[in-house]
Structures are given as C-alpha cells and as structure tokens.
Amino acid sequence: MRSNRHPATLAQKLLTSCALASLLAGCTVVGPNALRSGRLAYNEAISETNNQQLLMAIIHNRYEEQIGLLAVASVTANVSVKTSSALQFGFGGADNYAGNLVPFSAGSVYEENPTISYIPVSGQRYTLQLMSPLPIRILARFAETMTDPAPVFTSLVADINNQHNPDFLISPAEPDPDFSRIVSHLATLTQAQCLHWIEDPHNHSFSIVIDNYAPAHTARVTELLDLLGLPALQHGTERLILPVSLALHGRETGGIGIITRSVFDLMEILSASIEIPEQEKHSGAATMYPPTGIAGKALRIRHATERPEHAYIRVKHRDYWFYIDDTDQPTKRYFRLLSTLWSTTIAESTTKGAAAPVLTVPVSN
C-alpha cells in the first residue's frame, strides 16, 4: 500500500536543507565578502572624487571662479540579505496532483543603503591653513621619505638662505642656478644617506646632520656650504649639525633659514600650468600668468573637446575636458604631493574648533 506521508516528508527535508543553504549563502555576502568588496569600493570612490574636486578647484582658480568644497565626514553602509523559499507538494495518489506541483524555489535580495555625510569647507580656519607657510616638519618628513627628494625641495621651498626659488619669473626671466645646485646637493646627500633631519623633542626644532660624507662627497659638502653662505668646511670635520628654522635669514646664525610655500602657492603654480583653449584666451575669461619658476616648469594640465581615455584624473568644465595625462610623471607627482597637503589642510580645519554644519545624503539603490 502506498504511504501518503512519504512525499510530504521528502519535501519538508528538501525545503529545510535548501532554505539553510540559502541563508548560509546570504551570510557570505553580508559577512567578510561585504567588507572585501565594499571597503575598497568606497575608499576608491572617495579618493577619486577628492582628486576630481582638487582639480576642479585648480581650474576654478584659473578662471577666477568661486571655489566650493565638501569634505566627506562619514559613510555608513547598511547591508542586508533577505531570503525566501517556497515549496508545493500534494497528498494522495500521484494522479491527483501530477503536473500541478511547483518545484522548490528560493531567492535572496541584497540591499545596501549607504548614508554619506559632508562638511562644507570654508571659514577663517581653513583660509589660514591654506595661506600659511608649510611647517618645517612637513618639509623634513617628505624629504626623508621620498625616493627622490629633489622635487620636494623644488616644490615646497621658496627661499633658502637668501637663495630664491620664485613661483613665477618676472625679473629676471631665468631662475637662479644656485638654488638648483643647492637642491641637487641636498638630494644627492640624502639619497647617499649622508644627510638626515633631526627633530629636538623638547622644543620641536629641526637640524640637518651631515656625516659619513668623506671622501666621496667632500667636494659636494664644501660647495653646499659655500652656496648657503655658511663657514667653510674645516679639515677633519666628520659631522656637521646645521640648525634649520622657518626664517628669512639663517646663515647669520650659522644655520639654514627656509621660507616654505603655502598650499595656496602650490595651487597657484599648478593653475598656471593649465593649457587654456584659444577661445578662452581671447575672451579674457581665464587669468594669464607669467612664466613659472622651477617648480612649475615641467607641469602641464591639458584640455580636450572629447573625453580623454588615458587620463590620470579628468573633469569637465566650460565644455572642455581638463586632465592630467597618465604618462606625465612630473605633474602626477606634484599633484599627489599637493593632494596630500590639501587633504591635511581640510582635515585640520574641519576637525578643530566649532562644529561645522553637516550635510547628510541618504543614497538608495
């Protein structure tokens, strides 16, 4: 005799096992896999839009337009997976329900509902951060960590012991070769591990220490001291300690006085490197700059009427695409340095003092 319970028992087991499998599959989405896919995606999106915002700010600066900025304060992403399952089965003889059964069905719905909060960047604190000379600590840390510190000195230093590195060439029309020689010596000694930056933890002052330079770099150290207007290298001297200060004059005290650029100075130099369309030149819409100094000589932001394919970063403004070519290493390096300093300026101006208004935008799929 046929048992009427057998089909139902088998179906229930199938339903239970398949539903469990569906739930386990959902857990793999909202668990480690959600972190692997979501974190990188959000981080890349924030990084890319930060770069686009900076490039747009540089373009607005060239066109004498108001610069508006939004900093990402937080990103909250709620992830959930909803599962469902269904099974129909019949009782009695097979001829009563044959052909009418719906096989087991299961599904899952993946939902991600991010909420993004922005902070408008403005006010006195941001302006002061933007316009103030960079601290010696910033210069020292970049000079120590970059593979080639020469672009760091060229970009961040405006004057060292009265050897000028002007942003723009007005008079004379050529940069001072002595500054380039100083940069060359500092960079070479750093790469040879003969030059180090030392910070006094008590008063947060800095010094440059030059040692282990003989005999390979003795002539280089001798010329460096001469260019800086410092006392000549004495025979037998194994270690030089040169105090470094953020000052116009340093050699009078036997040290090094450095004037650094501000973040806005760096933006101005990059703004001057924009290739302005001929039509915009004739209309007078864009500011015209004098020739740039050493820092901006190799920089170039291009324009195109069609979306450029091989671009490191690109934005569209006034019916043109402005971009940095992906193979343009000097401009990419300068932009990365500026982006790091600009992000620090924004962070310090939005995390201190009175709370800034926050714009929260829920995003639905």
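Scroll up to find the structure.
Residues numbered from 1 in each chain as written. Predicted model: local features only at pLDDT ≥ 70, side-chain atom pairs only at ≥ 80, totals over all residues. Heavy atoms only, no water.

**A few points about the overall build of the chain**
To keep it simple, the criterion reads: Numbered from the N terminus, helices here are DSSP runs of H or I no shorter than four residues, and strands are runs of E no shorter than two. Working definition: with a 1.4 Å probe on protein chains only, accessible area under 20% of the residue-type maximum means buried, over 50% means exposed, and in between means partly exposed. All accessible-area figures derive from a Shrake-Rupley calculation using a 1.4 Å probe, and residue coverage is judged against the displayed protein chains alone.
Within the chain, the secondary structure is distributed over 11 helices and 12 strands. By residue count, 37% of the 365 residues in the chain fall in the buried class. Summed over its atoms, the accessible surface of the chain is roughly 20,600 Å², and 55% of this surface lies on carbon and sulfur atoms.

**A closer look at the sheet that holds strand 11 (residues 320-325)**
Test applied: Between any two strands, pairing holds if DSSP finds at least two bridges. Axis geometry follows a simple rule: fit a line to the C-alpha atoms, using only the stretch in contact for helices, then measure angles between N-to-C directions, giving values from 0 to 180 degrees. Contact between two residues is taken to exist if any of their heavy atoms lie within 4.5 Å; hydrogens are not considered.
Taken in spatial order, the 3 strands of this open sheet run 9-11-10, and their pairing is antiparallel. Strands with a single pairing partner mark the edges of an open sheet, and in this sheet they are strand 9 (302-304) and strand 10 (311-317). Strand-to-strand twist of the sheet, defined as the mean angle between neighbouring strand axes without regard to direction, takes the value 30°. With 6 bridges joining them, strand 10 and strand 11 adopt antiparallel strand pairing. Of the residues in strand 11, the one forming a bridge with Ala-311 is Asp-325. The sheet strands contacting helix 11 (residues 329-350) are strand 10 and strand 11, and the helix crosses strand 11 at an angle near 95°.

**Brief notes about the pattern of salt bridges**
Rule in force here: Salt bridges are counted wherever a side-chain nitrogen of Lys or Arg sits within 4 Å of a carboxyl oxygen of Asp or Glu.
Scanning the model with the defined rule gives 11 salt bridges in all. For Glu-144, the salt bridge is made with Arg-141, and the minimal N-O distance between the two is 3.2 Å. In this pair, Glu-144 and Arg-141 both sit in helix 5 (residues 136-145), 3 residues apart, roughly one turn of the helix. Classification of Arg-141 by relative accessible area gives partly exposed; the value is 36%. The residue Arg-261 makes a salt bridge to Asp-167 at a minimum N-O spacing of 2.6 Å.

**Quick word on the sheet that holds strand 7 (residues 239-245)**
Judged by pairing direction, the sheet is mixed, and its 6 strands sit side by side in the order 4-3-8-7-6-5 without closing on themselves. A strand with exactly one partner marks an edge of an open sheet, and here the two such strands are strand 4 (163-164) and strand 5 (195-199). As judged from the 6 bridges shared by strand 6 (residues 206-211) and strand 7, these two strands associate in the antiparallel manner. Across the sheet, residue Phe-206 finds its bridge partner in strand 7, namely Val-244.

**Digging into the environment of Gln-52**
By secondary structure assignment, the location of Gln-52 is in helix 2 (residues 32-62). Distance in space between the C-alpha atoms of Gln-52 and Val-315 is 6.3 Å, their sequence separation being 263 residues. Apart from residues lying up to four places away in sequence, Gln-52 is in contact with Ile-313, Arg-314 and Val-315.

**Considerations on the packing of helix 4 (residues 124-131) against helix 11**
Here is the rule we go by: Roughly parallel refers to an angle under 35 degrees, roughly antiparallel to one over 145, roughly perpendicular to one between 65 and 115, and oblique to any angle outside these ranges. What makes a crossing left-handed is the near helix being turned counterclockwise from the far one by less than a right angle; a clockwise turn instead makes it right-handed. For this scheme, ten residues count as nonpolar: Ala, Val, Leu, Ile, Met, Phe, Trp, Tyr, Cys and Pro. Four count as charged, namely Asp, Glu, Lys and Arg, and the remainder, Gly too, count as polar.
Where helix 4 meets helix 11, the axes come as close as 9 Å, and the angle between the chain directions of the two elements is 150°. It follows from the interaxial angle that helix 4 and helix 11 lie roughly antiparallel. Every pair of crossing elements has a handedness; the one defined by helix 4 and helix 11 is right-handed. Contacts between helix 4 and helix 11 involve Arg-125, Tyr-126, Gln-129 and Leu-130 from the former and Trp-342, Thr-345, Ile-346, Glu-348 and Ser-349 from the latter. When grouped by side-chain class, the residues that make up the contact of helix 4 with helix 11 number 4 nonpolar, 3 polar and 2 charged.

**A short note on the environment of Pro-243**
Among the structural elements, Pro-243 can be located in strand 7. In the structure, Pro-243 is positioned 44 residues away from Glu-199 in sequence and 9.9 Å away in space, judged by C-alpha atoms. With sequence-adjacent residues up to four places away left out, Pro-243 is seen in contact with Phe-206, Ser-207, Gly-254, Gly-255 and Ile-256.

**Structural notes on the nonpolar core**
Formally: Residues grouped as a nonpolar core are buried Ala, Val, Leu, Ile, Met, Phe, Trp, Tyr and Cys residues, joined through side-chain atoms within 4.5 Å.
Core analysis: the biggest nonpolar cluster contains 71 residues, and Trp-197 and Ile-210 have the highest contact counts within it. When residues in this core are grouped by element, the largest group, 7 residues, is from helix 11. Those residues within four positions of Trp-197 in sequence are excluded, and the remaining contacts are Ile-136, Leu-139, Ala-140, Ala-143, Glu-144, Phe-153, Phe-206, Ser-207, Ile-208, Val-244 and Ile-258.

**Some remarks on the pairing of strand 3 (residues 157-160)**
Sheet topology places strand 3 next to strand 8 (residues 256-260); 3 bridges connect them, and they run antiparallel. Looking across to strand 8, one finds that Val-157 is bridged to Thr-260. Strand direction decides the pairing type here: strand 3 and strand 4, joined by 2 bridges, are antiparallel. Each residue of the ladder has a partner; that of Ile-160, found in strand 4, is Gln-163. Between strand 3 and the antiparallel strand that follows it, strand 4, lie 2 residues; Asn-161 among them carries a positive phi value of about 50°.

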